[in-house]
Amino acid sequence: MSKYFLNYLDELEAEAIYVLREVHAQFQNPVILFSGGKDSILVTHLAKKAFFPCKIPFPLMHVDTGHNFPETIEFRDNLVAALDVQLIVGSVQESIEKGRVAEEKGKNATRNALQITTLLDTIEHHKIDCAIGGGRRDEEKARAKERFFSHRDDFGQWNPKNQRPELWNLFNGKHFEGEHFRAFPISNWTEMDVWNYILREKIEVPSLYLAHKREVIWRSNSWIPNSEFLALEKNEKVETKKIRFRTLGDITITGGIESEADTLEKIVQEVSGMKKTERGNRSDDKRSETAMEDRKKQGYF
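Note that the coordinates shown come from a computational prediction; the quantities given were computed from them, not determined experimentally. (Residues numbered from 1 in each chain as written. Predicted model: local features only at pLDDT ≥ 70, side-chain atom pairs only at ≥ 80, totals over all residues. Heavy atoms only, no water.)

## Quick word on the packing of aromatic side chains
Line of reasoning, step 1. Following the criterion strictly, the structure yields eleven aromatic pairs and no others.
Line of reasoning, step 2. Residues Phe51 and Phe58 carry aromatic rings whose centres are separated by 5.5 Å and whose planes lie at 90 degrees to one another, so their mutual orientation is edge-to-face.
Line of reasoning, step 3. Seen from their ring centres, Trp189 and Tyr197 are 5.2 Å apart, and the 85 degrees between their planes marks the pair as edge-to-face.
Line of reasoning, step 4. Judged by its relative accessible area of 1%, Trp189 is buried.
Line of reasoning, step 5. A connected cluster of aromatic rings, assembled from ring pairs, spans Tyr18, Phe27, Phe148, Phe149, Phe171 and Phe181.
Line of reasoning, step 6. Between the NZ or CZ atom of Arg137 and the centre of the ring of Phe148, over which it lies, the distance is 5.1 Å. (Phe/Tyr/Trp six-rings, centres within 6.5 Å; stacked < 30°, edge-to-face > 60°. Buried < 20%, exposed > 50% of the residue type's maximum accessible area, 1.4 Å probe, protein only. Lys NZ or Arg CZ within 6 Å of the ring centre and 35° of its normal.)

## What to know about the pattern of salt bridges
Line of reasoning, step 1. The full count for this structure, using the stated rule, is 19 salt bridges.
Line of reasoning, step 2. The shortest N-O distance in the salt bridge between Asp10 and Arg200 comes to 2.9 Å. Of this pair, Asp10 sits in helix α1 (residues 8-26) while Arg200 sits in helix α6 (residues 191-201), and the two are 190 residues apart along the sequence.
Line of reasoning, step 3. Through salt bridges with shared partners, a single network forms among Asp10, Glu13, Lys49, Arg200 and Glu201. (Salt bridge = Lys/Arg side-chain N within 4 Å of Asp/Glu carboxyl O. Helix = DSSP H or I, 4+ residues; strand = E, 2+ residues; numbered from the N terminus.)

## Notes on the side chain of Asn196
Line of reasoning, step 1. Mapped onto the secondary structure, Asn196 falls in helix α6.
Line of reasoning, step 2. In this view, Asn196 contacts Tyr8, Leu9 and Val268; residues no more than four positions away in its chain are not counted. (Contact = heavy atoms within 4.5 Å.)

In structure tokens form, the structure reads like this:
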């Protein structure tokens, strides 16, 4: 009698594909939340596998802050064209112009929290009942509390104490009108798992993840990219450093690290020796001890 063993990446892949297929089975109008970062790219790749040879049955949805890395937007558009899928874009700039949100002022101003209103408005407008995200439990303590199927009430808010049990991987996506779910297929993956899988599958990622020379300033204990949206303080100066980004977000808050890792193989080697979480260079998470959880309770990703 032959035995069949899966290695750990195959197990994680199978689990994620199972979650994606459950979403397709239980919801009427799901989308993949796509930021152009490695985790949302990974989820999109897994969706390709889950439904091959058919096209991905979900649109991609991007909440555009207007302060994105240009490389991220270019990558997004190229991928959408290659996959021949629908792209839904929610614009934070439009939310500002409509008076739905007020833009922050000052040195540490960011549009990150403003995405909440735009996200929830876009979900309501398109009648989305499940938004599939690339959140992982190892990223941040608030994300460690998420289920695979994470319920949101009719205000789009998350209550970590009011989530459904998922014993034996049985998921309950039933909800009342106006409510929706977030689904997190790669919850159990680590940053190391993600890069090992990307390397194995030869998945293309934005060049921002690879070490390259870029103009940056030192702020909040990390290298922040110089851009038209950044207001320099008197004691700050623009320097050219060889850096890469471990996570991608708003260009004004995403810090890079000095690195020589300019290939996927070198990234895997570098990550294997790191002890600091990849979100350690995100200034939006440094505002308070509960910054991420507070945003998530309001409807954040």
